[in-house]
Structures are given as structure tokens and as C-alpha cells.
Amino acid sequence: MHSKRRLTEDRLARVLNERLRPAVHGRTVPLRVAVWDAPGEPVPVAEALAAPYRPIEVGHRWGPVWSTSWFRITGRVPDEWAGQRVEAVLDIGFNKTGPGFSAEGLVHRADGTVVKALHPRNAWVTVAEHASGGEEFTYYIEAAANPVLCDDHLPTRAGDRPGWLTAGGVDPEPLYRVLRADLAVLDRGLWELVQDFDVLGGLIRELPEHDQRGWQLLGFVERALDAVDLGDLSGSAAAARAALVPAFAPPAAPSAHRLSAVGHAHIDTAWLWPVRETVRKVARTVANVVQLMDDHPSFRFVMSQAQQLAWLKESRPQLYARVREKVTGGQFLPVGSLWVEPDTNITGGEALARQLIHGKRFYLAEFGVETEEMWLPDTFGYNAAMPQLMKLAGVRWFLTQKISWNTTNRFPHHTFWWEGLDGTRIFTHFPPVDSYNCEVSGAEVALAVANFQDKGAASCSLMPFGYGDGGGGPNREMLARAERLADLEGSARVVIESPARFFERAHAEYPDAPVWVGELYLEFHRGTLTSQLRTKQGNRRSEHLLREAELWAATAAVRTGFAYPYQALDRLWKTVLLHQFHDILPGSSIAWVHQEAEQAHAAVLAELDGIVGAAQQALAGEGRQEIVFNAAPFARDGVPALGAVPRGGPAARRVAPVPEADGFVLDNGLVRVRIDRRGLVTSARDLTADREALAPGTVGNLLQLHQDFPNQYDAWDIDEFYRNTVRDLVEAESVDIRDGAVRVVRRFGTSRVEQEISLTEGSKRLDIATEIDWHETEKLLKAAFPLDLRAEHSSAEIPFGHVRRPTHTNTSWDAAKFEFCAHRFLHLGERGWGAALVNDSTYGHEVTRDVRPDGGTTTTARLSLLRAPRFPDPEADQGHHRLRYALVLGADIADAVREGYGFNQPERVVTGAAAAVVPLVAVDSDAVVVEVVKLADDGSGDVVVRLYEALGGRAAAVLGAGFPVASAAVTDLLERALEPLHPTADRIGLTLRPFQVLTVRLRRPDA
Ligand SMILES: [Zn+2]
């Protein structure tokens, strides 16, 4: 038989795209359109409805970048359309970019209530379900002129806020043009035929040549095409559909893969748009979703970031009320358990706990829903502490697909148990469709089946469908496809259902799924550990100051009756959590977003400083004595952890640098450091161990500049070839002594760096304070420490613990981790001796090693200090920066943990009365770290303590309370009791497994 496959496929494509699709809205009359251009930022709906509109024609240009225009459309349904479904079809200038990345609109009735939204794949709005003819109507469209920024990933000033744009001389020309404004009849029969052809065409393309079913379907399609009368499309649709009935008759094979299709709209909380636009994006997506739910009772939609619903509640109460209805009806499903979808490399441990606490609490309070999954499809890698945090928040399941973006290794499972640092396992699924923005196309369904790596043991996977990133969500065409693919021979079964149903089923059929131990490292986007330093610093400072504010406020509340600032802390935490979103904290947003993040952090820090100051003053009382407060979880300088004492003697001082023939010496009896005339550290000797830290012939704190021009995503990626070229910054403009430190000034390009290298009495920590005027482009600045060490692995701090990574590159998995995340410390050691690098601002790190001719091993650790990517923010990281890091000699892990805290949580001195402040709690083990002391969120006055085992071993410890304890309990992260504890004389014996996180709630006797 002669093959007509290609011929029929091409015929279908042409008839479908050129004739049938355009004819769906075939009968039209033009609408009257008027416009009002809102000045500046978006305005409330009432203001827009009352504004003066002026008539315009189709073709009207509108929308300077980031502006808002309101369109008023009015029309009258022709009498002869009685009985038809009548829709307004509106194209406000949608270009080829997908939904969420260009112009978007939200349609309102004249009374200000919301109808639905408009985007390129959802450009209609219902006027009459069954027209009676003659009805008149008016709609108002709030149209956002959001620029297209994702087309070519080239530097653009359009990501800045509009005021700045004007000053910068950027084109205020309109971006968009109104292309269509029609009233139209929806030809239902034709629309259904389009969906039939679309699904069958998609299935045929995916079926292999040798498959009988593909050929059979081709035959049905050809007969249906024959039935289409190109001169009377509407009239012939029914006959064409009838020819396709037998195509849809046979059910899916009994062994067919089952796809749980879950409606979704990934809405980046900020990215190529500012936060204020996300608030509107949420309203637009939700408007479409609840409207679609009205028409399709089986439709299920998940929404994953509590913050977004909190915005909706505030900005669009009427729409929010509809969400509540749909949650009650089981169609709208809050998922994810998180406040936003945060970055999980850089976000601190306690902040991740608060993401869960505030996320879950919002869903519980607003909807009575206890979410049980973590939903992070797009975050750039997942730290090894997360399984435990999930479990402690009552989360059972985890979903992402981002690891499919790995550029080196293919992850071996799609369904598996993820085992974290402490041994907690969470049932995890990576949708094999490798996307969170599916359209339910034949290609996607086929990819999910082909790609699924657990076929032998499991038969189901999840498919999130709906336009995302910039929002949009599912449309009616996707639902039509899902309906047709529910049980169709040749296809996987596509079943719309909730993630909970999917996870229950997946777990039940695959309880012994394979186990992946440790972090889920994303082999991509490594530059996000470094880009936009100021945003990262703001987060780091905020996390530490929140810890301190809660500690001192709780201490003052218990000791003095100080009013614990519940509401302020709740609000400040939520601000910090918002800016941990996975395009803000990683530094991958437009300039506008990062400017606002810096301002938000500054305001948070100022308010927290006020809280800390007030609480400490309440504790210190009135007087002239200097009181030293130590918020660190370790005693230092004679001040107990989490307490305060009157200053006993002079504060520890920097040792004076001593000039010598070719440089300077810093020596405090514990450590001797030599710095040469170029300002380079030529020797760092641990005098107690009698050991040189630096490898022979090398220098420490060597600043190195690399070209940094990745192949794809500027702010996101560091590509490994950056290492091929390097410029060592060895020339100094000046090297001298200032304020007890060796001060080194270097200039390179148009930048200037000033470093103060200092050593304090009684410390083995060499401090390097850095100030940089940074004006480079596409460069990466690193600080290198080549250590004379044979370290098999590095230990990097992560939330609530540390991970070991090999220093070698034996496997492709090891080699791919050429840039990794460490929080406050990176430790390197061999038996008996080690060193740590601690920092107050840096996350990107790398370790390489080399064997020298003398047989020794040089292990080089480098901190990634600054980048200068140009997309999406062409000015990223330009300007002035201050940061600190330090080399700690002779450090073991416990030293690294202690120095990391100490470096980030400095002592504070307050003048007051001479009494000491007894800590609220104390722990008698160096391995057990108190991360949090606070009052319970329920306002009961209970003291909540969160602690963890930090060294990676079993730890027995006694938690002593510095106040009377009536009862005590271990709780989950939400401070709900799990099991009682039995204090004896206000002391509680605890045993923690390696890296265990424990929350203890201490009830005080009623006053
Ligand atoms: Zn995202």
C-alpha cells in the first residue's frame, strides 16, 4: 500500500490552522472601544471606572513600558444571534511570546467585579451563554503593558522602574497595538471538531511508524477531512465529527501509563516583573481558573504560594471569596505548604522552617486545609536538610522537576524516597514530562511516558498543566484535550485529579521506591549563589537579626514583662520570606525587583534594630555600666551563650602588625601570619599545632578575576570554562598599617578594592574585611586560599548542618559540582588538623586539589565574591560593597560552626545597671546548637526553643531553663505538641541523632 501519512498529516495541519481555528469565532461584529491611560502606577478599580475615556479604533497604539491602560468595550448582541453563545474576542496586542510575558488584561463588569482575564491563548470573554439577542453590555479591561524581556536575553533597561526609565532616556513609545475587538458567536460544533482534530493529530505524530493504531487513526482523520466542506465549515462540522467517533471509541491499553493531570499556573512572585505586577498576575490567573471551574466541575487546580493568596485576599476580596467557595467545593487546592516557593540553597534553616510555618498556617487559618506536600517545581537545587524540615511540618510528599535541567547527569529516578542529612525520608516525584507548564499536548503525554524511568515498578506520574512562570493557568482547550485522552487507545490515560490522589496512588504502588541520599544539586544556574550580592546580604543580615530580635524580646518578656512584638515579628518575617523567592534571593530578577528587595531589607533591619535595642534596654535597666550581650549560641569572651554580663575587662584587641624587611607580621601567640609588600598572605602558621596552613610557594587571600560570560543565562550561570583564563590581582596600589590591620588597596579595570587584614588577641581567625567599588562587566571575582592539606572532602554549612562533598572529580556527578553553596563556613581537614573559611556574605564556593612534586597535596578553596552579569539586570552588582570573610586555622567542625555564628552574630554593648542577664535556656553540649528562642506564636507566653545537632554525631545534652517550667513538650515546627517531655528541676535530658532538629515548647507556670 502506498503511504499517505505525511500527506494526510500536512492536510490536517493546514485545514486546522488556516480554516477551522479562525472559523470558531466566524460570525462577528465590531465592538466600540474607548481608552483611558492611567498615569503612573496601577490605580484602584473604582478610580479607573470613573475616569474619562476617549474613543479609539482598532490599530490604536498603547502602553509605554510598565504602564496601565483601561479599555472600555461596549456592544449590542445582534438580534439574529439569539440562542447562540456570544463572546467578545479581544487582542490587545498579544505577540508571539507566550502568556505571562507580554501584555495582559483583566476584564471587569461595570460594577467593578471581575469577569476573567485575557492573554494570548485565552483572548475571549463570555457576553451571553445563550443570547436572547439585543442585549447591550459594557466591559472594562485593565491592560498591563508589561514588556517582553525574555525573547533574546540581551541586556535591557526596560527592567528598571518607569521613573528611572524616563530619566535614563528610554523610549516611552507605546509597546502594543489593539489588534482585534469583536463580538462573535462561538461555533460550538466547530470548536469541538478543532479539539478532536488537535488531539488525534497530536497522538498520530507520536505513534511510531510500525504501530497499527497510528495508521488506523490516519484513516479516520482522512475521512473526517473529506467530510469538511471548506465552503460551509459550520454546516459540515457535525458530519466530520461523526466520522471521528470510531477513532475515539477504543479504550487505552490496560497497561497504559496513568498521568495525573493537575491544573496549575506557576507564578513567579517576582522575576521579569516587579512584585506589584505579580499581585495583578495572581488576580488574572485566579479569575480565569474560577471561571473555568464553573464550566468544568471536574477541573482541579493547585496554587502553591500562600503569599499570593494573601495578596488576593487584600487586593481582590470578591475574587478571593470565589476562591474560598472553590476550595470548599474541592476544585481549588492549596498546595506546597510554603509562604513562597523559596530558593533553598541560600535561604537559612530557620527561614525555611518559617516558610513552612507561615505557609501551612495560612492554609489552615483561611481554608482549614492541612497541606501535605512541598511543591517547588522551579527552585534551583534542594539542600539536604529539607526532608527533615518537611516531616517536622507534617509534609509527606515532595514535587519538583527542576533537576531535569541538569546539564551533565541525568537523574536516575522519577519517583523515589529522598533521604536527608539526618535520615528522614520523603516520598518524592519528579514529573517525567519535565515541565510545570504543560498544555496536555500529544508530544507532552508521549514524553512523560517515554521519559519515565521507573516504568518497571511504577505506572503513574504527574503532569502539571497550565501556562506558567508569568501565570495564565489552564484554558478550555487543555481541558478538552484531557477529556479526550482520559481513556484512548494509543495514549497514556490522562486523569485530572489532585496531587494528593496522585501521591497516595504512587506511594501505594511503589512503597519500596529507590532512595536518593543527600542534596538534590542542580547542575545548572550556579551563578545564582553569587549574583546580586546586596540582596543576599540583606537576607543574611535579616535572618540573623530576626534570630536576635526574637531571642532578646523573649528574654525580656520573661524577665521583665517586656511586650513581645508578635505582630511586628510576624510581618517582618513575612517580608524576609517573600524576598527569598526563587528569582529574588538567587539574583535572577530585573533591576526593579532587586532595588525593592534592598529597600525592604533595609527597612526590616532598621525595625529589628529597634526591637533588639528596646528589649536589651529593658534587660539592662538604667545605669552606666557596659553590658555585653551575646546572641551567639556559644559562650564567648566570658559572656554565656544567649545571655549578657557586665563588661569584665577591656575588649579583645587587634594585635599590631609589625613591619619587617619584606612586609608585615601579625602574631598573637596562637597564629603567625606574614603579609608581603604586595599585600599577599605568604604564610599563615598555626603555632599551637606548629603547622603552616598555606601550600609551599602559594599565597593566601589571592584575589582572582575571571571572564564570566556563560552560554545562556547571564545572572543564572557560571559555565566551567570560566576557569580557563584568570588574572591574579597581585599588584597593590598601597600596603600599610591602619587601625591595627594591614590595609591593602588594589585597582583593576575601573574597580578598586580595599582590604583590612587583621588578627585579634586570643583568636586563630584571620579576618579580611573587604570594601569594593565594583565596575566590571561579565567578570567573576574570587578569593583563593591554597591550603597544604589532603582533604578528601569539604564540609559546607547548609541549613541545620553541613554536607560533605568530595574534593576530587572521579565521577561526572562530582565534577559537575564545580561551584557549590556553603552558608557561614566551609571546612577542609585531614586527620588531626583542618581549617575553615567563614564569611558574612558569600554563598558560592569551590574546592579543587592538586598534588605537588614534593608529594604533598594542595587543596584550594575559593570564595566567589562578586559577579557582573548583564541580564536581566544590566547593572547587577555595580557599585559599592562591603563584605567580610576569614581563615580560621586549626579548626575542626565544631570550631567552624562556632566561628560561623560568631562572625555573623556580633556582640552588642548596652549601658545599663550592673546585673547579668541569665539566659532563658542553656545547653551543656557543644554539638547541640540553640537556633531559636522565642515566645510561642499563639500568644500563650510559652517559650519555644529550636535546637539541632550540628556536628553529625549522636549527642546527649541537658537543656536547662533559666525560668520555672510547668511542663514541656516536643512539638512540630508549627509548635503543636508531638510528645511530652519530663523536666526535672527545670532541666530536660535530650538525645539527638546526627543533625536532628528539635523544637521544645516550655510552658511557664500561670502567674
Ligand atoms: Zn519560577
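Quick note: structure is the one above.
Owing to the predicted nature of the structure, the values given are computational and were not obtained by experimental measurement.

A few words on the overall build of the protein chain. Scanning the protein chain from N- to C-terminus turns up 19 helices and 53 strands. Against the compact-globule benchmark of 30 Å for 1007 residues, the protein chain has a radius of gyration of 31 Å, which places it among compact chains. The buried share of the protein chain, taken over its 1007 residues, is 62%. Surface accessibility of the protein chain: about 36,100 Å² in total, with carbon and sulfur atoms responsible for 51%.

This paragraph deals with the packing of helix 8 (residues 306-315) against helix 10 (residues 349-367). Helix 10 packs onto helix 8 with a crossing angle of 40° between their chain directions and a minimal axis gap of 9 Å. Between helix 8 and helix 10, the crossing angle belongs to the class labelled oblique. Contact with helix 8, carried on its side by A306, L309, A310 and K313, involves G359, F362, Y363, E366 and F367 of helix 10 and no other residues of that element. Per-class residue counts for the contact of helix 8 with helix 10 are 6 nonpolar, 1 polar and 2 charged.

Before going further, it helps to spend a moment on helix 12 (residues 442-451). Residues of helix 12 that are buried include every one of G442, E444, V445, A448 and N451, and no others. Buried residues in helix 12 make contact with helix 4 (188-206), strand 13 (258-264), strand 20 (460-465) and strand 21 (493-496).

With that settled, consider the sheet that holds strand 49 (residues 955-961). With antiparallel pairing, 3 strands are arranged side by side in an open sheet as 46-49-52. In this open sheet, the two strands that pair with only one neighbour each are strand 46 (921-923) and strand 52 (987-992). With direction set aside, neighbouring strand axes in the sheet form an average angle of 25°.

Right, let's get into the coordination of the zinc ion. Geometrically, a metal with four donors at the corners of a regular tetrahedron has ideal angles of 109.5 degrees, and one with six donors at the corners of a regular octahedron has ideal angles of 90 or 180 degrees. The protein atoms that coordinate the zinc ion are H266 (NE2), D268 (OD), D378 (OD) and H582 (NE2), at distances of 1.9 to 2.1 Å. Around the zinc ion, the 4 donor atoms are arranged such that angles at the metal cover 90 to 155°; this shape is classified as irregular. Sequence spacing of the donor residues for the zinc ion, all on one chain, is H-x1-D-x109-D-x203-H. In this pair, H266 is assigned in the loop between strand 13 and helix 7 (275-295) and H582 in the loop between helix 16 (566-578) and helix 17 (591-620), connecting sequence segments 316 residues apart. Residue H582 is classed as buried on the basis of its relative accessible area of 0%.

Two aromatic rings, taken as a pair, are described by how far apart their centres are and by the angle between their planes. Following the criterion strictly, the structure yields 36 aromatic pairs and no others. Considering the side-chain rings of F299 and F301, the 6.4 Å spacing of their centres and the 55° angle between planes classify their relative orientation as tilted. Per residue, the accessibility class of F299 equals that of F301, and both read buried. With 5.9 Å between their ring centres and 85° between their planes, F524 and Y713 make a pair best called edge-to-face. You can see F524 sitting in the loop between strand 22 (515-517) and helix 15 (533-560) and its partner Y713 sitting in the loop between strand 30 (702-707) and strand 31 (727-728), a full 189 residues away along the chain. Here the aromatic cluster, defined as three or more aromatic residues joined through ring pairs, consists of F101, W271, W273, W405, F524, Y713, W716 and F871. Above the plane of the ring of F664 lies R677, whose end atom (NZ or CZ) is 5.7 Å from the centre.

This part is about the sheet that holds strand 18 (residues 415-419). Taken in spatial order, the 5 strands line up as 16-17-19-18-22 in an open sheet, and their pairing is mixed. Both edges of this open sheet fall to strand 16 (373-375) and strand 22, since each of them pairs with a single strand only. The average undirected angle you get between the axes of adjacent strands in this sheet is 30°. The sheet contact formed by strand 17 (residues 397-399) and strand 19 (residues 425-429) spans 3 bridges and is parallel. Following the sheet pairing, W397 is matched in strand 19 by F427.

Before going further, it helps to examine the packing of helix 15 against helix 17. Packing of helix 15 against helix 17 brings their axes to within 8 Å, and their N-to-C directions diverge by 25°. By the angle between their axes, helix 15 is roughly parallel relative to helix 17. Regarding helix 15 and helix 17, the two cross each other, and that crossing is left-handed. Taken together, the residues of the contact of helix 15 with helix 17 break down into 15 nonpolar, 9 polar and 6 charged.

This part takes up the side chain of Q308. Along the chain, Q308 turns up in helix 8. With relative accessibility at 2%, the residue Q308 sits in the buried group. A polar atom in the side chain of Q308 sits 2.8 Å from the backbone oxygen of I267. Within polar-contact distance, the side chain of Q308 engages the side chain of T269 at 2.9 Å.

Going through the model one piece at a time under the given rule, you end up with 92 salt bridges. In this structure, the salt-bridge partner of R14 is E18, at a minimum N-O distance of 2.9 Å. Of this pair, R14 and E18 both sit in helix 1 (residues 5-23), 4 residues apart, which is roughly one turn of that helix. For E18, a relative accessible area of 44% gives the class partly exposed. With a shortest N-O distance of 3.0 Å, R765 and E899 are connected by a salt bridge. Note that R765 is positioned in strand 35 (residues 765-774) and E899 in helix 19 (residues 893-904), a separation of 134 residues in sequence. Accessibility expressed as a relative area gives 17% for E899, which makes it buried.

Inspection of the secondary structure assignment puts P474 in the loop between strand 20 and helix 13 (476-484). Separated by 182 residues in sequence, P474 and L292 place their C-alpha atoms 8.4 Å apart. Discounting residues that sit within four places of it in the chain, P474 has contacts with N122, G263, H264, V289, L292, F299, F301, F465, G466 and Y467.

Our next topic: the pairing of strand 7 (residues 104-109). Within strand 7, 5 of the 6 residues are buried, which leaves the element mostly enclosed by the surrounding structure. Strand direction decides the pairing type here: strand 7 and strand 10 (residues 136-144), joined by 6 bridges, are antiparallel. In the strand pairing of strand 10, L106 is matched with E142. Note: strand 7 against strand 8 (residues 114-118), 4 bridges, orientation antiparallel. When the sheet's bridge partners are listed, G105 is paired in strand 8 with L118. Counted along the chain from strand 7 to the antiparallel partner strand 8, the turn is 4 residues long, and its residue G112 has a positive phi close to 90°.

In the segment running from F871 into P872, the intervening peptide bond is cis, with an omega of 5°. Positioned with a positive phi, F995 is a non-glycine residue whose angle comes to about 65°. Inspection of the secondary structure puts F995 in the loop between strand 52 and strand 53 (997-1003).

Following the sequence through the fold, T371 ends up in the loop between helix 10 and strand 16. Separated by 260 residues in the primary sequence, T371 and A631 have C-alpha atoms spaced 34 Å apart. Those residues in contact with T371 that lie beyond four places of it in its chain are P334, V335, S337, K360, Y363 and G394. At a separation of 2.9 Å, a polar atom in the side chain of T371 contacts the side chain of S337.

Take the nonpolar core next. If you look at the biggest cluster of nonpolar residues, it comprises 204 residues, and the most contacted ones within it are L20, F197, L309, F332 and L1002. The residues touching F332, leaving out its near neighbours within four places in the chain, are V286, V289, M293, F301, M303, L309, V323, K326 and V327. Core analysis: the second largest hydrophobic core is formed by 50 residues, V742, A796, A861 and L865 among them.

Let us now look at helix 19. The end-to-end C-alpha distance of helix 19, which contains 12 residues, comes to 17 Å, matching closely the 16 Å that a straight helix rising 1.5 Å per residue would cover. Among the 12 residues that make up helix 19, 11 are buried, leaving the element largely enclosed by the rest of the structure. By the burial criterion, the buried members of helix 19 are I893, A894, D895, A896, V897, E899, G900, Y901, G902, F903 and N904. Between the side-chain oxygen of the N-cap and the backbone nitrogen of A894 there are 3.1 Å, and the N-cap of helix 19 in question is D892.

All right, on to the side chain of K402 then. As for its position among the elements, K402 is in the loop between strand 17 and strand 18. On the accessibility criterion, K402 (2% relative accessible area) is buried.

Our next topic: the environment of A635. Position of A635 among the secondary structure elements: in the loop between strand 23 (625-630) and strand 24 (643-646). Judged by relative accessible area, which is 56%, A635 ranks as exposed. Leave out the neighbours within four places in its chain, and A635 touches N630, P640 and A641.

The next subject is the state of the cysteines. Where two cysteines share a covalent bond between their sulfur atoms, that bond is called a disulfide. Going through the model one piece at a time under the given rule, you end up with 0 disulfides. Cysteine C150 shares no disulfide, and the gap to the nearest cysteine sulfur, in C438, comes to 18 Å. No disulfide involves C438; its nearest neighbouring cysteine sulfur is the one of C460, lying 16 Å away.

Here is what the cut-offs are and how they apply
Throughout this description, residue numbers start from 1 for each chain and increase along the sequence as written. Local features in this predicted model are restricted to residues whose pLDDT is 70 or higher, and side-chain atom pairs enter the listing and the counts only when it is 80 or higher, whereas totals over whole chains, interfaces and linings include all residues. Water and hydrogen atoms play no part in the side-chain values, which are based on all heavy atoms of the structure. By definition, any uninterrupted DSSP run of H or I lasting at least four residues is a helix, any uninterrupted run of E lasting at least two residues is a strand, and each is numbered from the N terminus. The atom set for the radius of gyration is the C-alpha atoms, and the globule formula is 2.2 Å times the number of residues raised to the power 0.38. Accessibility here uses a 1.4 Å probe with only protein chains present; expressed as a share of the type maximum, an area under 20% marks a residue as buried, one over 50% as exposed, and anything in between as partly exposed. Using a 1.4 Å probe, the Shrake-Rupley method yields the accessible areas, and only the shown protein chains count as cover for residues. Between N-to-C directions, angles span 0 to 180 degrees; the directions come from axes that are lines fitted to C-alpha atoms, helices contributing only their stretch in contact. An angle below 35 degrees is treated as roughly parallel, one above 145 as roughly antiparallel, one from 65 to 115 as roughly perpendicular, and anything else as oblique. Residues count as neighbours in contact if any of their non-hydrogen atoms are within 4.5 Å of one another. Amino acids outside the nonpolar list (Ala, Val, Leu, Ile, Met, Phe, Trp, Tyr, Cys, Pro) and the charged list (Asp, Glu, Lys, Arg) are all regarded as polar, and Gly is one of them. Strands were regarded as paired on the criterion that DSSP finds at least two bridges between them. Distances up to 2.8 Å from the metal define which N, O and S atoms are donors, and 3.2 Å serves for Na, K and Ca; water is absent from the atom set, so sites may look incomplete. Labels for metal geometry use angle windows, namely 85 to 135 degrees for all angles of a four-donor tetrahedral site, and for square planar (four donors) or octahedral (six donors) sites opposite donors over 155 degrees apart plus all others within 65 to 115; sites meeting none of these are irregular. Ring geometry is summarised as follows: Phe, Tyr and Trp rings, the Trp one being its six-membered ring, pair when their centres sit within 6.5 Å, and such pairs are stacked at plane angles under 30 degrees, edge-to-face over 60 and tilted between the two. Geometrically, a lysine NZ or arginine CZ counts as sitting over a ring once it is within 6 Å of the ring centre and also within 35 degrees of the ring normal. Crossing handedness is read from the near helix: turned anticlockwise from the far helix by less than a right angle, it gives a left-handed crossing, and turned clockwise, a right-handed one. Here a polar contact is taken to be a pair of N or O atoms separated by no more than 3.5 Å, where protein atoms must pair a possible hydrogen donor with a possible acceptor and residues adjacent in sequence count only if both atoms sit in side chains. In the sections that follow, a salt bridge refers to a side-chain nitrogen of Lys or Arg positioned within 4 Å of a carboxyl oxygen of Asp or Glu. The definition of a nonpolar core used throughout is a set of buried Ala, Val, Leu, Ile, Met, Phe, Trp, Tyr and Cys residues joined through side-chain atoms within 4.5 Å. Here the expected span of a helix is defined as 1.5 Å times the quantity of residues minus one. Note on terminology: disulfide denotes any pair of cysteine sulfur atoms within 2.5 Å.

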